[in-house]
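Summary of the model geometry
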Number of protein chains: 2
Amino acid sequence: MIKEITGGVCAAQGFKASGIHCGVKEGSSPSKNDLALILSEKECAAAGVYTMNRVKAAPIYVTMDHLEKGVAWGVVANSGNANACCPMSHENAEAMCAFAAKATGREAEDFIVCSTGVIGQTINIQAIQTGLPKAAAALSAGGSDAAATAIMTTDTVKKEIAVSFDLGGKTVTIGAIAKGSGMIHPNMGTMLAFITTDCAITTEVLSELLREVAARTFNRVTVDGDTSTNDTCVVLANGMAGNELIEWKDENCQAFQSALEYVCRHLARAIAGDGEGASRLVTCKMTGARSEESAERLAKAVVGSSLVKAAMFGADANWGRVLCAMGYSKAPFRPEHVDVSFESAAGSILVCQQGDGLAFDEELAKKVLTEKEVIIAVDLHEGEESAECWGCDLTYDYVKINGDYRT
Amino acid sequence: MIKEITGGVCAAQGFKASGIHCGVKEGSSPSKNDLALILSEKECAAAGVYTMNRVKAAPIYVTMDHLEKGVAWGVVANSGNANACCPMSHENAEAMCAFAAKATGREAEDFIVCSTGVIGQTINIQAIQTGLPKAAAALSAGGSDAAATAIMTTDTVKKEIAVSFDLGGKTVTIGAIAKGSGMIHPNMGTMLAFITTDCAITTEVLSELLREVAARTFNRVTVDGDTSTNDTCVVLANGMAGNELIEWKDENCQAFQSALEYVCRHLARAIAGDGEGASRLVTCKMTGARSEESAERLAKAVVGSSLVKAAMFGADANWGRVLCAMGYSKAPFRPEHVDVSFESAAGSILVCQQGDGLAFDEELAKKVLTEKEVIIAVDLHEGEESAECWGCDLTYDYVKINGDYRT
């Protein structure tokens, strides 16, 4: 039984976090946290997945390097600057780890480092150097909120969750914070997501589980089709729950994976629903597919279509755009078999059957689509496989936010 | 020497056209033309390229069928309804050809048929039946404008062009009309483009040239990444210029191809610049590439990125998004070699050199980007190949137009 609890990224035993303002971005409000620190009191098995973008920010290379040994103690992360595509970016990412280590009495190699914000401007490393001792002093078991706000950019709500479940008589906890909003179309890794757990598990199993779970959660989100240069999702497991070490894909491993997927799915949906400028969370449920892969590709094309997204903003039951998006997804399907419905808390309405439009109640459709969460349900009538992908609507605010983000 | 002339799709000898209002869309303004007819006085060699979308509108299948014999006499096209994904769509597309044939004294198989508008609603075939005798009566050598306006949907300007050039002592003319605006991301064919010429050329050569030229022009345009179900580009060649028949890829063929590419490039740029809601034409020039294919893929990712498009709307020199889009394009390149400049009538400004950001004059950058036509110039410093792709900015109006297009 997976139970949601409070505490976010500090909910698991032995984790502390903090978030402070250090002034990474010139002229930023002193009330906006921009530097986050997460620290375990014991060494953690650690695994990460990263952006597939060919242009990777320096912190990703540094993190990959530090995680080669499969263990880590903490995370240092900033918002306000992506530390990507600028001189000294690699040195500055290393320096962030060194400053974090000095402030916490650890080694630079013990840290995962992440940055998010504008690309191509040199990061204000002095601000981070000055800030890290303060961040270290502020570390506490109640620090998840502050850390979650410190990694936000254009996010409008902070994203955190924690769950606990039983594993052979021991209570195991998984907690996490994440950020999303724009440049969100994770390909392999994702935006920023930091997951902590007190589960005892090997790095090998943890890495494999993270890859599998990220593929079914974060990688099924799209906000704008732009895969960022900085996407990173890491999980730290310090073993303090005292469960029998998970070394194999056994029943215990399955229980841990379910809880990890619960956490990641929650964050993925939160990221989609809080997409830049979004007014609603749009889920595409693709069922009756011949393979999960083709179901995923079709569903992702639907939630990624600018025209579908604009129609969702207008609460317009323009299902022709759903079929059109499926058609250019490059996944095989037979248009003449497809049923399309729109569903939400306000009801469900079938608008297309066997590829042809139905006469439907426009007023009911409008009501269904005006809800905060809308499902586009497509049945391919070809097989037993399915997939769900998440996105959001395309709004005036997306254009506004991105028409003048940098300056 | 290729010379621009007037007359549009009727500029070539022996072609007439018309455009009238027949009321395809309920409640549409009587002043909005919605039915176009183009007719040659002689049989034409004919070739077409079509959408690669798996969901194809019925008129495409009918046109493919009619063009199997490689000849045609004319085009019948409507706006206001896509005649896609609805019962009777195939029968109605055939009926449009039959009505056009009856009104002009030809056979149904002599016609190419196209529809553009909303997907999934049954077309008002009675309106078209009543309209076609009027359209036939209105056919004239001055009818290009009326036909061009009849195929417009959310287009704000009509797209037509004609050129003439010398071919072995004979003057050959190519004329064309097109429509674009939304759901524009041609994959193989394109939106609607009708090209007429009096050149004498075989169907085989014409087909090959059209494929090659479309790949370098229409297929390099993106407005919103959504490949339509109805994209069609056809060319009709009636041979009335009296030039020596083009049967091989010789010098004469080369001259014709250059003129055809001139026409298609003009229309492609016009379609990009008049993208739904667009306030500027954005060209990405990718140079220094190892292959034209990778240059094209990189350039297309840049003009297709929602974030780049929004930045262009805001005249924001956010070149990090350019690099980011290139990075997820799946084309190989070395980020550390890349130079990026923004160029326009107001000047040129280098913002990124060898993958790192430069300090630059923000005021000049703003001036450069505020022009109606903006070029994003990227030098990969890896080879001699290049490609140019065209798009537009992402604006409030795109969202407005597509948030409530259907109802």
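Thresholds applied
- Residues numbered from 1 in each chain as written.
- Chains lettered and ligands numbered in written order.
- Predicted model: local features only at pLDDT ≥ 70, side-chain atom pairs only at ≥ 80, totals over all residues.
- Heavy atoms only, no water.
- Helix = DSSP H or I, 4+ residues; strand = E, 2+ residues; numbered from the N terminus.
- Rg over C-alpha atoms; globule rule 2.2 N^0.38 Å.
- Areas by Shrake-Rupley, 256 points an atom, 1.4 Å probe, with all protein chains shown as cover.
- Patch = residues over 30% accessible without salt bridge, like charges linked within 9 Å, V, L, I, M, F, W, Y side chains within 5 Å.
- Salt bridge = Lys/Arg side-chain N within 4 Å of Asp/Glu carboxyl O.
- Lys, Arg positive; Asp, Glu negative; His and termini not counted.
- Charge placed at Lys NZ, Arg CZ, Asp CG, Glu CD.
- Buried < 20%, exposed > 50% of the residue type's maximum accessible area, 1.4 Å probe, protein only.
- Contact = heavy atoms within 4.5 Å.
- Buried area = accessible area lost by both parts, 1.4 Å probe.
- Nonpolar A, V, L, I, M, F, W, Y, C, P; charged D, E, K, R; others polar.
- Least-squares fit on C-alpha atoms with pLDDT ≥ 70 in both.
- 1 Å grid on protein atoms, 1.4 Å probe; cavity = no way out; pocket = protein on both sides within 12 Å on 5 of 7 lines; lining within 4 Å.
- Points joined across faces, edges and corners; volume = space filled by probe spheres on them.
- Pairing = 2+ DSSP bridges.
- Axes fitted to C-alpha atoms, helices over the stretch in contact; angles between N-to-C directions.
- Parallel < 35°, antiparallel > 145°, perpendicular 65-115°, else oblique.
- Left-handed = near helix turned anticlockwise from the far one by under 90°.
- Phe/Tyr/Trp six-rings, centres within 6.5 Å; stacked < 30°, edge-to-face > 60°.
- Lys NZ or Arg CZ within 6 Å of the ring centre and 35° of its normal.

Once that is clear, we can look at the overall build of chain A. Counting its secondary structure elements, chain A contains 11 helices and 15 strands. Since a compact globule built from 407 residues should have a radius of gyration of about 22 Å, the 22 Å found for chain A is in line with a globular shape. Summed over all atoms, the accessible surface of chain A reaches about 14,300 Å², with 48% contributed by carbon and sulfur.

A cluster of acidic side chains, namely A:Asp65, A:Glu68, A:Glu107 and A:Glu109, defines a negative patch on the protein surface. Mapped onto the elements of the fold, A:Glu68 is located in the loop between helix H1 (58–66) and strand E4 (71–79).

Once that is clear, we can look at helix H9 (residues 320–327) of chain A. Judged by how many residues are buried, H9(A) sits mostly within the fold: eight of eight residues are covered. Within H9(A), the full set of buried residues consists of A:Gly320, A:Arg321, A:Val322, A:Leu323, A:Cys324, A:Ala325, A:Met326 and A:Gly327.

Before going further, it helps to examine the interface of chain B and chain A. Note: interface size is frequently given as the accessible area lost on complex formation between the parts. Each side of the interface is counted separately: chain B has 54 residues, and chain A has 54 residues. Taken together, the two surfaces of chain B and chain A that pack against each other cover about 4,400 Å², and 57% of this comes from carbon and sulfur. On the surface where chain B and chain A come into contact, there are zero salt bridges. Elements with a contribution of two residues or more to the side of chain B that touches chain A: helix H8 (306–313), helix H9 (320–327), strand E13 (356–357) and helix H11 (396–403) of chain B. A per-element tally of the side of chain B that touches chain A places H11(B) first, with six residues. Of the residues contributing to the side of chain B that touches chain A, the split by class is 25 nonpolar, 18 polar and 11 charged.

Next up on the list: the relation of the copies chain B and chain A. Superposing chain B onto chain A takes a rotation of 180 degrees plus a shift of 0.0 Å along the axis, which leaves an RMSD of 0.0 Å. The superposition operator between the copies reduces to a two-fold rotation axis. Closest approach to the rotation axis within chain B is made by the C-alpha atom of B:Tyr396, at a distance of 2.6 Å. Here 100% of the interface residues in chain B have copies in chain A that are interface residues too; the copies meet face to matching face.

Turning to the layout of surface pockets, a few remarks are in order. Empty space among the atoms becomes apparent when a probe as large as a water molecule is rolled across them. One number sums up the size of the second largest pocket: a volume of about 400 Å³. Every residue lining the second largest pocket is counted, 23 residues in all, and those nearest its centre are A:Lys25, A:Glu26, A:Ser28, A:Gly80 and A:Asn81.

Residue and element names in this part refer to chain A. As summarised here, the arrangement of the six strands in space is E13-E12-E11-E14-E10-E15, forming an open sheet in which the pairing is mixed. Looking at the sheet topology across the chains shown, the edges are occupied by strand E13 (356–357) and strand E15 (385–392). Sheet topology note: the strand E11 (residues 339–344)/strand E12 (residues 347–353) ladder contains five bridges and is antiparallel. By the bridge assignment, Glu343 is partnered in E12 with Ser348. Here helix H7 (residues 292–304) sits on the sheet in contact with strand E10 (281–289), strand E14 (373–379) and E15, set at roughly 20 degrees to E15.

Another aspect to go through is the packing of helix H5 (residues 203–216) of chain A against helix H6 (residues 251–273) of chain A. Residue and element names in this part refer to chain A. With their axes 10 Å apart at the nearest point, H5 and H6 run at an angle of 40 degrees to one another. Comparing the axis directions of H5 and H6 gives the class oblique. Note that H5 runs across H6; the crossing there is right-handed. Contact residues: H5 offers Val205, Leu206, Leu209, Leu210, Glu212, Val213 and Arg216, while H6 offers Cys253, Phe256, Gln257, Leu260, Glu261 and Cys264. Looking at the contact of H5 with H6, its residues break down into nine nonpolar, one polar and three charged.

On any regular strand, side chains alternate: one points to one face of the sheet, the next to the other face. Residues and elements named next belong to chain B. Counting buried positions over the six residues of strand E9 (residues 232–237) gives six, a clear majority of the element. Where burial is concerned, the two faces of E9 agree: the one with Thr232, Val234 and Leu236 and the one with Cys233, Val235 and Ala237 are both buried. The pairing of strand E3 (residues 35–50) with E9 spans six bridges and is antiparallel. Across the sheet, the residue bridging to Val49 is Cys233, located in E9.

Taken as a whole and assessed by the stated rule, the structure comprises five aromatic pairs over all chains. Taking the centre distance of 6.4 Å and the plane angle of 50 degrees together, the rings of B:Phe165 and B:Phe256 count as tilted. Of this pair, B:Phe165 sits in strand E6 (residues 159–167) while B:Phe256 is found in helix H6 (residues 251–273), placing the two residues 91 residues apart along the sequence. Judged by centre distance (5.3 Å) and plane angle (90 degrees), the ring pair of B:Phe313 and B:Tyr396 falls under edge-to-face. On the criterion of sequence distance, the pair formed by B:Phe313 in helix H8 and B:Tyr396 in helix H11 is long-range, its members being 83 residues apart. The exposure class of B:Tyr396 is partly exposed, given its relative accessible area of 31%. Members of the aromatic cluster, each reached through a chain of ring pairs, are A:Phe313, A:Tyr396, B:Phe313 and B:Tyr396. Note that A:Arg106 overlies the ring of A:Trp73, its terminal NZ or CZ placed 3.6 Å from the centroid.

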